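This is what each chain is made of:
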Amino acid sequence: MDILLVIISFLIAMWASFNVSSTFKKYSRINNSRGYTADEIARKILDDNGLYNVQIERVRGNLSDHYDPRDNVVRLSDTVYGKTSVAAIGVAAHECGHAVQHAQGYTPIKIRSAIIPVTQLGSQLAYPLVLIGLIMGGNSVLINIGIWVFVAVVAFQLVTLPVEFDASGRALKTLEDSGYLDREEVKCSRKVLTAAALTYVAALFTAIAQLVRLIAISNRRN
């Protein structure tokens, strides 16, 4: 049963990835009526929030956009930077939403940042610890440590949801309230950001499925 859950989660993740790619591609064909580029909109949003010190850079890749709080920079991918599509502008505005979250001390993003180191360890060590524990004759200490460090991965994915949904909400509100996009264009951007949000829902489901599998492996051994 736990294997079936993992397979289902994998299929959901594949669908979510395909959905965001196809949705972005679809709305990349629709340009905004005001002629703004995504990086121009990003600069306007940052300046509107007093974030004049946050830089905007171009980064290679497809949808590799992100906000880096360490370097205080919004990085926009080749498929977004300089583009005038409603899809590109939605993505750029979303990343600026993360910059605003950091500046305002948004609680969920502070929690996510705090558990990143544990999450990285959990994703790398959980299965090896459980397997070593099983090889050592069912060493419950190692198995339980492996399970608990993977709980941090699930917690990270869980707290990521409000962070991502809030960033998208900020982005869409700003785009409409500031008049950077008209109402119909905002609806298109919303569809792109909704598709992107579903990838995080899929990631949470996948993490939960993996945790269930780890617990099932431990229970079967016991």
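Residues numbered from 1 in each chain as written. Predicted model: local features only at pLDDT ≥ 70, side-chain atom pairs only at ≥ 80, totals over all residues. Heavy atoms only, no water.

Side note on the packing of helix α3 (residues 86-104) against helix α5 (residues 140-177)
One can describe the packing of α3 onto α5 by two numbers: an axis separation of 7 Å at closest approach and a directional angle of 115 degrees. With respect to each other, α3 and α5 are oriented roughly perpendicular. Judged by the twist between their axes, the crossing of α3 over α5 is right-handed. In this structure, α3 contributes Ile89, Gly90, Ala93, His94, Gly97, His98, Val100, Gln101 and Gln104 to the contact, and α5 contributes Val163, Glu164, Asp166, Ala167, Ser168, Arg170, Ala171 and Leu175. The class makeup of the residues in the contact of α3 with α5 is seven nonpolar, seven polar and three charged. (Axes fitted to C-alpha atoms, helices over the stretch in contact; angles between N-to-C directions. Helix = DSSP H or I, 4+ residues; strand = E, 2+ residues; numbered from the N terminus. Parallel < 35°, antiparallel > 145°, perpendicular 65-115°, else oblique. Left-handed = near helix turned anticlockwise from the far one by under 90°. Contact = heavy atoms within 4.5 Å. Nonpolar A, V, L, I, M, F, W, Y, C, P; charged D, E, K, R; others polar.)

A word on the confidence of the model for the protein chain
Across the protein chain, pLDDT averages 91, with 97% of residues at or above 70. Between the elements of the protein chain, mean pLDDT differs from a low of 82, seen in helix α4 (residues 107-135), to a high of 98, seen in strand β3 (residues 73-77). (pLDDT = per-residue confidence, 0-100.)

So, the pattern of salt bridges
Where charged atoms from two side chains of opposite charge come close, those side chains can pair. Counting across every chain of the model gives 12 salt bridges. Notably, a salt bridge pairs arginine 75 with aspartate 68, separated by 2.9 Å at the nearest N-O pair. Pair check on accessibility: arginine 75 and aspartate 68 agree, each one buried. Of the charged contacts, one joins arginine 170 and aspartate 166 as a salt bridge, the two residues approaching to 2.5 Å between their closest N and O atoms. With a gap of four residues between them, arginine 170 and aspartate 166 both fall in helix α5, about one helical turn apart. Via salt bridges that share partners, Glu57, Asp68, Arg70, Asp71 and Arg75 belong to a single interconnected network. (Salt bridge = Lys/Arg side-chain N within 4 Å of Asp/Glu carboxyl O. Buried < 20%, exposed > 50% of the residue type's maximum accessible area, 1.4 Å probe, protein only.)

Some words on helix α2 (residues 38-48)
Along α2, the positions that sit buried rather than exposed are Ala38, Asp39, Ile41, Ala42, Ile45 and Leu46. The buried residues of α2 occupy an angular sector of 155 degrees when projected down its axis, which confines them to one face. Of the surrounding secondary structure, the elements contacted by the buried residues of α2 are β1 (55-59), β3, α3 and α5. (Arc of directions from axis to C-beta.)

Concerning a nonpolar patch on the surface
Together, Ile3, Ile7, Phe10, Leu11 and Met14 make up a nonpolar patch on the protein surface, roughly 520 Å² of accessible area in all. Inspection of the secondary structure assignment puts phenylalanine 10 in helix α1 (residues 2-27). (Patch = residues over 30% accessible without salt bridge, like charges linked within 9 Å, V, L, I, M, F, W, Y side chains within 5 Å. Areas by Shrake-Rupley, 256 points an atom, 1.4 Å probe, with all protein chains shown as cover.)

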